[in-house]
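# Secondary and tertiary structure notes
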Amino acid sequence: MSGAFWGGMLAMLVVVQLLVIWSIRRHRDPSLKIECDHPIDALMPSLSGLTLGSALAGNRWTVHENGAFFDVLIDRIGQATRSVHFETFLWKDGQLGRRLAGALCERARAGVKVRVLLDAQGSKGAGRDVVAQMREAGCQVCFFHKRALRNIGVLNDRDHRKLVVLDGREAFVGGHCIVDDWLGDAEDGQHFADVSLQLHGPIVHSIQAAFSENWAGETGELFVGDATFPPLEPAGDATMHAVFAKPENSAPTVKILHHTVICLAQRRLWIQNPYFIPEPEAIDAMGAAVKRGVDVRVLMPSTSGSDNPMVQHAGHRNFEKLLRCGVRLFEYPHTLLHQKIVTVDGVWCAIGSSNFDDRSFEINDEISLSISDAALATRLDAIFEKYAARATEIELDAWVRRGTWHKLKDNAFYLLNEVL
């Protein structure tokens, strides 16, 4: 048979394989809906059950903003005596990465078990010498979903989590990446804003479980015992559960959590997120929230403040619909606001790694903490207000008159929203 025939057969085979991979990703996309009139702080057992977790009382939190977070993190790593587990999506070689690598190496040389899990795509710029330095010091360094034939069906699946667990007793979860842009205090366009939590109490076991999930998947290693899962006593008053599971025949739990709390909000729903591209059902849910009297606001970077203006343009495509629904939209032009926070009714909040887009809700491995604690919700609302005071609120009349070129970019980039 001719070469053209075999070439056509090969092309057809590739198309079939791509369709199979696409269908695997698409079958977890049900249209979510819920009806409930109970206050959200009374529904932690429901929220945790829907997201395949357990609500755990007795936790203590500390909020860390911007570059000051790393001073605390590196100091606490230096105090670890038995185990350090570190997982992140984005690590680029630089001052911060080398400082952190030095802290991890020091602990490994002191006999502490140090495990480092980096996303192969996001952390490909970590630097060969830095990775080699950590391994030579005794750190176990593993890359999630490396480019390899055996990973062909999951190369688009990324580990977007940002978490640290120390001695199984203390954890950090949030949005901070290991890039020099995260240093400073969000004072200009070269220094980004972000928020992470330092945690003590029973919730640390759940965060350790999230780390274990991907570590075991990549290395096969299971860790047990008090060095990683010690008995944990209550340490505070906050009730929390960790949301990270991706069940095979349902929507990923981070998507279920975010959609459910939109539907449960009774007075106020404030969202801070750097990549805000809601699906139609989420827009409808926000519109329904406004109709029942909820103050719905979203704070995000503008195209000038973003590290990826294409994402902001994709989000712009649905601004008109959101504005007509009564959602208030604020864009921050001064630097990247990278925190991923939702607060509801002044009593509940979520914080973690998840963006408000299809990639985070459908594809990436993420972690969000669902927290019932009025003091923390108030603290996070204050961060919203701090940045909103210097943001630009988008007005419907002006928005519909934006230029044709702007509209073309919005619609073009929205076609790529699942891969941005």
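Further up the page is the structure itself.
Notes on the structure follow. (Residues numbered from 1 in each chain as written. Predicted model: local features only at pLDDT ≥ 70, side-chain atom pairs only at ≥ 80, totals over all residues. Heavy atoms only, no water.)

## Quick look at helix 12 (residues 374-388)
Short version of the rule: Helix numbers and strand numbers start at the N terminus; a helix is a DSSP run of H or I with at least 4 residues, a strand a run of E with at least 2. Expected helix span is computed as 1.5 Å times (number of residues minus one). Whether a residue is buried, partly exposed or exposed follows from its accessible area with a 1.4 Å probe, protein chains only, as a fraction of its type maximum: under 20%, in between, or over 50%, in that order. Arc definition: directions from the helix axis to the C-beta atoms. Two N or O atoms count as a polar contact when they lie within 3.5 Å, although within protein this holds only if one can serve as hydrogen donor and the other as acceptor, and sequence-adjacent residues are included solely when both atoms are side-chain atoms.
Taking 1.5 Å per residue, 15 residues should reach 21 Å; helix 12 reaches 21 Å between its end C-alpha atoms and fits that length. Among the residues of helix 12, those classed as buried are Leu376, Ala377, Leu380, Asp381, Ile383, Phe384, Tyr387 and Ala388. Along the axis of helix 12, the buried positions cluster into a sector of 150°, meaning they face one direction only. In this structure Asp373 caps helix 12, since a side-chain oxygen of it lies 3.2 Å from the backbone nitrogen of Ala375.

## What about the nonpolar core?
The test is simple: Working definition of a nonpolar core: buried Ala, Val, Leu, Ile, Met, Phe, Trp, Tyr and Cys residues. They are joined through side-chain atoms within 4.5 Å.
Core analysis: the largest hydrophobic core is formed by 47 residues, its most contacted members being Trp91, Leu104 and Met134. Those elements that provide at least two residues to this core are helix 3 (68-79), strand 2 (83-88), helix 4 (95-109), strand 3 (113-119), helix 5 (128-137), strand 4 (140-144), strand 5 (163-166) and helix 9 (309-316). With seven residues, the single largest contributor to this core is helix 4. Counting residues in hydrophobic clusters, the runner-up holds 43 residues, among them Val173, Ala186, Ala193 and Ile203.

## Focus on the packing of aromatic side chains
Let me state the cut-off plainly: Centres within 6.5 Å make a pair out of two Phe, Tyr or Trp rings, where for Trp the six-membered ring is used; the pair is then stacked when the planes are under 30 degrees apart, edge-to-face when over 60, and tilted otherwise.
Taken as a whole and judged by the stated rule, the model has 13 aromatic pairs. Here Trp182 and Phe192 contribute two aromatic rings whose centre-to-centre distance is 5.0 Å and whose plane-to-plane angle is 80°, an arrangement assigned as edge-to-face. In this pair, Trp182 is assigned in the loop between strand 6 (170-174) and strand 7 (195-200) and Phe192 in the loop between strand 6 and strand 7, connecting sequence segments ten residues apart. The pair Trp182 / Phe192 is uniform in exposure class, with both members buried. With centroids separated by 5.1 Å and ring planes inclined at 70°, the aromatic side chains of Phe356 and Phe361 adopt a geometry described as edge-to-face.

## So, the state of the cysteines
Our working rule: A pair of cysteine sulfur atoms is labelled a disulfide when the two atoms are within 2.5 Å.
For the structure on display, the rule yields zero disulfides. Considering cysteine sulfurs only, Cys36 is the nearest to Cys263, which forms no disulfide, with 9.8 Å between them. On the basis of relative accessible area, Cys263 is assigned to the buried category, the value being 15%. In this structure Cys349 is not part of a disulfide, and its nearest cysteine sulfur, from Cys263, lies 19 Å away. When its relative accessible area of 0% is taken as the criterion, Cys349 is described as buried.

## Topic: the pattern of salt bridges
Quick note on the threshold: By definition here, a salt bridge exists when the distance from a side-chain nitrogen of Lys or Arg to a carboxyl oxygen of Asp or Glu is within 4 Å.
This structure, assessed with the given rule, holds 19 salt bridges. In this structure, Arg99 and Asp71 form a salt bridge, with 3.0 Å as the shortest nitrogen-oxygen distance. Highlighted residues: Arg99 in helix 4 and Asp71 in helix 3, separated in sequence by 28 residues. The closest approach of N and O atoms between Arg297 and Asp295, which form a salt bridge, is 3.0 Å. Looking at Asp295, the relative accessible area reads 23%, which means it is partly exposed. A single salt-bridge network, built from bridges that share partners, covers Glu65, Arg379 and Lys386.

## With respect to the pairing of strand 8 (residues 238-243)
Definition in use: Strand pairing follows a simple DSSP-based rule, namely that at least 2 bridges must link the two strands.
Of all six residues that make up strand 8, five are buried, and the element is covered over most of its length. Direction of pairing for strand 1 (residues 56-65) relative to strand 8: antiparallel, over a ladder of two bridges. When the bridges of strand 8 are listed, Leu56 appears paired with Met240. Pairing geometry for strand 8 and strand 14 (residues 368-372), over five bridges, is antiparallel. Paired with Val243 across the strands is Ser368, a residue of strand 14.

## Notes on the packing of helix 4 against helix 5
As a reminder, the rule being used: Helix axes use the C-alpha atoms of the stretch in contact, all axes being lines fitted to C-alpha atoms, and the angles between their N-to-C directions lie in the range 0 to 180 degrees. Put simply, angles under 35 degrees are roughly parallel, angles over 145 are roughly antiparallel, angles from 65 to 115 are roughly perpendicular, and the rest are oblique. Each crossing gets its handedness from the near helix: less than a right angle anticlockwise from the far helix is left-handed, clockwise is right-handed. Contacts are assigned to residue pairs that have any heavy atoms within 4.5 Å of one another.
Across the interface, helix 4 lies against helix 5 with an axial gap of 8 Å and an inter-helix angle of 15°. Between helix 4 and helix 5, the crossing angle belongs to the class labelled roughly parallel. Read as a crossing pair, helix 4 and helix 5 show a hand that is left-handed. Only Asp129, Val130, Gln133, Met134 and Ala137 of helix 5 make contact with helix 4, whose side of the interface consists of Arg98, Ala101, Gly102, Leu104, Cys105, Ala108 and Arg109.

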